[in-house]
Amino acid sequence: MTGAIFILSGAGLSAESGLRTFRAADGLWEDHRVEDVATPEAFERDPDLVQRFYNERRKQAGKAAPNAAHKALARLQKNHSDPVYLVTQNVDDLLERGGADQVIHMHGGVMDALCAACAHRWPAPDVMQVSDPCPSCGAPKTRPDIVWFGEIPYHMDIIQDALEDSDLFVSIGTSGTVYPAAGFGQMARQLGIRTLELNLEASNAPFDEVIEGRASEIVPAWVEKILAPSK
């Protein structure tokens, strides 16, 4: 019996859908310095640049299609006899479009807008501008609903409760270097939870088991193994 499963996914899950990983080897994200597009200071300094950047990310995410790994995780969540907690660092909605019902987006979502004045959230238009009025308070302080560097990730209490409730911790497509997500594996080990990494290449973090390969291949194979009737 596998029991409850906590799955942490990163950019490697969506890479085969055509979405580039967050930070390339040259330190850039889509040809921009992260410091220029993914911090509160960047938004204060040049909000138009930041809005244009996320308008393009939203366009790319909308054109992308869920791959076999997204669909497999949705199937696991629907058919596993125990809870499957899907926690993602990704800001795309490919898990939901792949069929998942409940996804915890700890870094927010590029398809949503956030009012910097009253914290109201709503579906983002295709092209968003800072001057767009908030539907709730009317303030012209619209920003992407993204957790930037220096901001606190969403749903940390829910995530901790889910991890403590789990019997297996699975890391999929993430380097495990960005905190606080990088600490989830360590927390799982401290709780005595079995750990598994599914990744293109093994990270430096210690796991009980590591499976290397393309997410679209190894994730569906692992899910089939979990869902296979015990003999």
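Residues numbered from 1 in each chain as written. Predicted model: local features only at pLDDT ≥ 70, side-chain atom pairs only at ≥ 80, totals over all residues. Heavy atoms only, no water.

- Per an unreviewed UniProt entry, the recorded name for the protein is NAD-dependent protein deacylase, and the organism is Pacificibacter maritimus.
- Taken from UniProt, the Subcellular location (unreviewed entry) comment for the protein reads in full: "Cytoplasm".
- UniProt annotates the protein under Sequence similarities (unreviewed entry) with the comment "Belongs to the sirtuin family. Class III subfamily." (UniProt positions renumbered as here; feature names shortened; annotations may be inferred.)

### Quick notes on the nonpolar core
Turning to step 1, where the next piece is worked out: Grouped together as the largest cluster of nonpolar side chains are 24 residues, with contacts concentrated most on Ile5, Ile7, Leu73, Val170, Val219 and Trp222.
Turning to step 2, where the next piece is worked out: Those elements giving two or more residues to this core turn out to be strand E1 (5-9), helix H5 (68-79), strand E4 (84-88), strand E9 (168-172), strand E10 (194-199) and helix H9 (215-227).
Turning to step 3, where the next piece is worked out: Counting residues per element, this core draws most heavily on H9, at six residues.
Turning to step 4, where the next piece is worked out: What isoleucine 7 contacts, discounting residues up to four positions off in sequence, is Leu73, Leu76, Val84, Tyr85, Leu86, Val87, Val170, Ile172 and Trp222.
Turning to step 5, where the next piece is worked out: Phe6, Leu8, Ile104 and Phe184 belong to the second largest nonpolar core, which has 14 residues in total. (Core = buried A, V, L, I, M, F, W, Y, C linked by side-chain atoms within 4.5 Å. Buried < 20%, exposed > 50% of the residue type's maximum accessible area, 1.4 Å probe, protein only. Helix = DSSP H or I, 4+ residues; strand = E, 2+ residues; numbered from the N terminus. Contact = heavy atoms within 4.5 Å.)

### Re the sheet that holds strand E7 (residues 121-123)
Turning to step 1, where the next piece is worked out: Here we have three strands laid out as an open sheet, ordered E7-E6-E8, and antiparallel in their pairing. Since the sheet does not close on itself, it has two edges, and those belong to E7 and strand E8 (142-146), each with one partner. Ignoring strand direction, the axes of neighbouring strands in this sheet form an average angle of 45 degrees.
Turning to step 2, where the next piece is worked out: As paired strands, strand E6 (residues 108-115) and E7 are joined by three bridges and run antiparallel to one another. (Pairing = 2+ DSSP bridges. Axes fitted to C-alpha atoms, helices over the stretch in contact; angles between N-to-C directions.)

### Concerning the domain arrangement of the protein
Turning to step 1, where the next piece is worked out: We note that the domain assignment places domain 1 (1-19 + 66-107 + 153-231) and domain 2 (22-63 + 109-146) within the protein.
Turning to step 2, where the next piece is worked out: On a C-alpha basis, the centres of domain 1 and domain 2 stand 26 Å from each other.
Turning to step 3, where the next piece is worked out: Taken together, the contact between domain 1 and domain 2 spans nine residues of the former and eleven residues of the latter.
Turning to step 4, where the next piece is worked out: With both chains or domains summed, domain 1 and domain 2 bury close to 720 Å², and 54% of this area falls on carbon and sulfur atoms.
Turning to step 5, where the next piece is worked out: Of all residues in domain 1, Leu19, Val91 and Tyr154 bury the most surface against domain 2, accounting for 57% of the area lost on that side. (Domains from an automatic or database assignment. Buried area = accessible area lost by both parts, 1.4 Å probe.)

### Description of the sheet that holds strand E11 (residues 209-212)
Turning to step 1, where the next piece is worked out: With respect to topology, six strands assemble into an open sheet ordered E5-E4-E1-E9-E10-E11, the strand pairing being parallel. The sheet is open, and its two edges are formed by strand E5 (103-105) and E11, each paired on a single side. Direction aside, neighbouring strands of the sheet carry axes that sit 20 degrees apart on average.
Turning to step 2, where the next piece is worked out: By the bridge criterion, five bridges tie E9 to E10 in an arrangement that is parallel. The residue bridging leucine 168 from the neighbouring strand is arginine 194, located in E10.
Turning to step 3, where the next piece is worked out: Sheet strands in contact with helix H7 (residues 156-164) are E1, E4, E5 and E9, and its direction is about 135 degrees off that of E1.

### Examining the UniProt feature "binding site: substrate" (unreviewed entry) in the protein
Turning to step 1, where the next piece is worked out: In this numbering, the UniProt entry assigns the feature "binding site: substrate" (unreviewed entry) to Tyr54 and Arg57.
Turning to step 2, where the next piece is worked out: The residue tyrosine 54 is located in helix H4 (residues 47-63) in this model.
Turning to step 3, where the next piece is worked out: Residue class for tyrosine 54 comes out buried when judged on its relative accessible area of 1%.
Turning to step 4, where the next piece is worked out: Examined against the element boundaries, arginine 57 turns out to sit in helix H4.

### Some words on the pattern of salt bridges
A side chain of one charge can pair with a side chain of the opposite charge if their charged atoms are brought near each other.
Turning to step 1, where the next piece is worked out: For the structure shown, the criterion picks out nine salt bridges.
Turning to step 2, where the next piece is worked out: A salt bridge links aspartate 145 to arginine 121, with the shortest nitrogen-to-oxygen separation between them at 3.0 Å. Linking aspartate 145 in strand E8 with arginine 121 in strand E7, this pair joins segments that are 24 residues apart in sequence.
Turning to step 3, where the next piece is worked out: Since its relative accessible area comes to 4%, aspartate 145 is described here as buried.
Turning to step 4, where the next piece is worked out: Taking relative accessible area as the criterion, arginine 121 reaches 42% and is therefore assigned partly exposed. (Salt bridge = Lys/Arg side-chain N within 4 Å of Asp/Glu carboxyl O.)

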